[in-house]
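For reference, the chains in residue letters:
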Amino acid sequence: MKETNHGRRLGLIWVIATVIVEAYFVAFNPPLGPRSSVAGFGEARTMELFFYVGAPIFLFVVVFMLYAAVTFRRRRGESLEAEADVEPPFARGNGRATFYWSLISISTVVFLAGFGIFTLNDASAAPEGRPFTVQVIAQQWHFTYRYPDYGGVESLDLAVPVGRSVTFDITSLDVVHDFWIYDLDVKQDAVPGQTTHAYALAPQVGNHWIVCDELCGIWHGYMRGPMYVLSESNFTTWIHRQQQISQALHGQLPTIHGVYYPDTPSAYPAAPQSSAQ
Ligand SMILES: [Cu+2]
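Keep in mind it's a predicted model, so treat the numbers as computed, not measured.

Novice: Give a description of helix α1 (residues 6-28) that names residues and reports values.
Specialist: With 23 residues, α1 should cover 33 Å at 1.5 Å per step; its first-to-last C-alpha distance of 32 Å lies within 8% of that length. Little of α1 is tucked away: zero of the 23 residues are buried.

Structure, rendered in structure tokens:
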């Protein structure tokens, strides 16, 4: 009787399972990722790559396990003693198997780690282009935005002009929050007494959700708001409107600082002259 080549059979089942599963996900259920910003494209691509590289590995484990359970099960009428006599093949001592196993594992891990490092670098770097700064001030339980380029005008909604390289200077008035715009791949902690930075370039006009992603108290779940990506002219209209609205507030607002100490205003560091009104 010809001996069954389990390796070949297992390999074949694995390849077929991989093709079916990957084809299904490519066609009907591609992995999600933030695709509304330049940095987001990199992250979405990384998630896709990790998924398509990870799926065959996962399937190999599952197929191997099921194959072994089905093929090498104890058949009806087979005694335990008979089974005990069967010497299973050992992977140990099989130099070729060990070599290829190690080679494939190491190169997969090194490749994915390298790819991830470069993508992460891209995602956290300031995009090129005319810079535009927005200060994000988090507090329980909403975000406030200030525009240093427009006299420190304050708004409860975030609007930015389309296609501009936006730098977010982020701080908090009370506890640690997390400024998160999923669509744009922006995510950075808001820490009291510190300024942290995040960058985004929204290539298209549209609206996005901003949420706080750090459990920051009882209304944390409601700490969300809209972000508007506007055309340059709409943005100008919007910011002038904000300036009109907050006219009455002006004089009450502190000048722009990297950090604010709401309980002890006297503790403000000296304001840099250039950013004063
Ligand atoms: Cu929060």
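The rest of the description comes next.
Novice: Tell me about the nonpolar core, and name the residues and values.
Specialist: Counting residues in each nonpolar core, the largest one holds 32 residues, and the members touching the most others are Val134, Val136, Phe168, Phe179, Val186 and Ala200. Not counting residues up to four positions away in its chain, the partners in contact with Val134 are Tyr145, Tyr147, Leu158, Val160, Val166 and Phe168.

Novice: Account for the environment of Gln135, with residues named and values stated.
Specialist: With respect to the helices, strands and loops of the structure, Gln135 is situated in strand β1 (residues 131-139). For the pair formed by Gln135 and Thr171, sequence separation is 36 residues and the distance between their alpha carbons is 7.9 Å. If we skip the residues at most four places from it in the chain, Gln135 touches Tyr145, Arg146, Pro148, Asp169 and Ile256.

Novice: Provide a residue-level description of the sheet that holds β1, including the pertinent values.
Specialist: As summarised here, the arrangement of the five strands in space is β3-β2-β1-β5-β8, forming an open sheet in which the pairing is mixed. Both edges of this open sheet fall to β3 (153-155) and β8 (196-201), since each of them pairs with a single strand only. Neighbour to neighbour, the strand axes of the sheet diverge by 30 degrees on average, direction disregarded. Looking at chain direction, β1 and strand β2 (residues 142-147) are connected through five bridges and run antiparallel. Note on β2: the bridge partner recorded for Gln139 is His142.

Calculation criteria
Residues numbered from 1 in each chain as written. Predicted model: local features only at pLDDT ≥ 70, side-chain atom pairs only at ≥ 80, totals over all residues. Helix = DSSP H or I, 4+ residues; strand = E, 2+ residues; numbered from the N terminus. Expected span 1.5 Å × (residues − 1). Buried ≥ 20, exposed ≤ 12 C-beta atoms within 10 Å, placed from the backbone. Core = buried A, V, L, I, M, F, W, Y, C linked by C-beta atoms within 7 Å. Contact = placed C-beta atoms within 7 Å. Pairing = 2+ DSSP bridges. Axes fitted to C-alpha atoms, helices over the stretch in contact; angles between N-to-C directions.

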